[in-house]
Amino acid sequence: MPRPRGPRRITCRPDCTYFKPAGIPLRDLEEVVLALEEVEALRLADLEGRYQADAADSMGVSRSTFSRMLDSARKKVSEALLQGKAIRIEMADVPQAGPPE
């Protein structure tokens, strides 16, 4: 039996939860789903430029877990951009938490 998943601290929720290529009807597109924790990992590492250890502490996860989330998010975004897929951000999987104490 796998170990239960620990809580992740998510301090930002995006205003927009769907992106798609312009000029293509949504019904004709495949979609890639990003978990909210993956979006947070992208924000911390790529937008804020934080080191993985620091970003992992902010989210309340280990550095290796953070690295896996970041790799998964980057792969999904790259797939969507290069293959013309829509990106949907799944908002329901992680409750929002405040900054670490």
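Residues numbered from 1 in each chain as written. Predicted model: local features only at pLDDT ≥ 70, side-chain atom pairs only at ≥ 80, totals over all residues. Heavy atoms only, no water.

S.K.: Go over the overall build of the protein chain, please, and point to the residues and values.
M.R.: For the protein chain, the helix and strand inventory stands at three helices and three strands. When its helices and strands are written in sequence order, the protein chain yields β-β-α-α-α-β. With the C-alpha coordinates of the protein chain rotated into their principal frame, the extents come out at 45 × 30 × 25 Å. The buried share of the protein chain, taken over its 101 residues, is 34%. Long-range contacts, defined here as pairs at least 24 residues apart, represent 77% of the contacts in the protein chain between residues at least 6 apart. Split by element, the accessible area of the protein chain, about 6,600 Å² in all, is 54% carbon and sulfur. Once the 16 positive and 16 negative side-chain charges of the protein chain are each reduced to a mean point, those two points are 3 Å apart. (Helix = DSSP H or I, 4+ residues; strand = E, 2+ residues; numbered from the N terminus. Buried < 20%, exposed > 50% of the residue type's maximum accessible area, 1.4 Å probe, protein only. Contact = heavy atoms within 4.5 Å. Areas by Shrake-Rupley, 256 points an atom, 1.4 Å probe, with all protein chains shown as cover. Lys, Arg positive; Asp, Glu negative; His and termini not counted. Charge placed at Lys NZ, Arg CZ, Asp CG, Glu CD.)

S.K.: So what's going on with the pattern of salt bridges? Residues and values would help.
M.R.: Across all of its chains, the model carries 11 salt bridges by this definition. Put simply, arginine 50 and glutamate 48 hold a salt bridge, and the shortest N to O gap is 3.5 Å. By relative accessible area, which is 27% here, arginine 50 ends up partly exposed. On the accessibility criterion, glutamate 48 (42% relative accessible area) is partly exposed. Residues arginine 88 and glutamate 90 are paired through a salt bridge, measuring 2.6 Å at the closest nitrogen-oxygen approach. For arginine 88, a relative accessible area of 25% gives the class partly exposed. Beyond isolated ion pairs, a larger network of salt bridges with shared partners links Glu40, Arg43, Glu48, Arg50 and Asp54. (Salt bridge = Lys/Arg side-chain N within 4 Å of Asp/Glu carboxyl O.)

S.K.: Tell me about helix H1 (residues 36-47), and name the residues and values.
M.R.: Burial of H1 is extensive: 10 of the 12 residues sit out of reach of the surface. Listed in full, the buried residues belonging to H1 are Leu36, Glu37, Glu38, Val39, Glu40, Ala41, Leu42, Arg43, Leu44 and Ala45. In this structure, the buried side of H1 is in contact with strand E2 (31-35), helix H2 (52-59), helix H3 (63-83) and strand E3 (86-90). Note on H1: the residue one or two positions beyond its end, glycine 49, has a positive phi of about 70 degrees.

S.K.: Talk me through the environment of methionine 59; I want residue IDs and the actual numbers.
M.R.: Within the secondary structure layout, methionine 59 lies in helix H2. Exposure remark for methionine 59: the relative accessible area of 0% places this residue in the buried category. Taking the C-alpha atoms as reference points, methionine 59 and leucine 82, separated by 23 residues in sequence, lie 29 Å from one another. The contacts of methionine 59, once residues within four sequence positions are left out, are Pro7, Arg8, Arg9, Ile10, Glu37, Glu40, Ala41, Leu44, Phe66 and Met69.

S.K.: Kindly report on the environment of threonine 17, identifying the contributing residues and their values.
M.R.: One can find threonine 17 in the segment before strand E1 (18-19). Taking relative accessible area as the criterion, threonine 17 reaches 31% and is therefore assigned partly exposed. Considering only alpha carbons, one finds threonine 17 and leucine 34, 17 residues apart in sequence, at a separation of 9.4 Å. With residues near it in sequence (within four places) discarded, threonine 17 still touches Ile87, Arg88, Ile89 and Met91.

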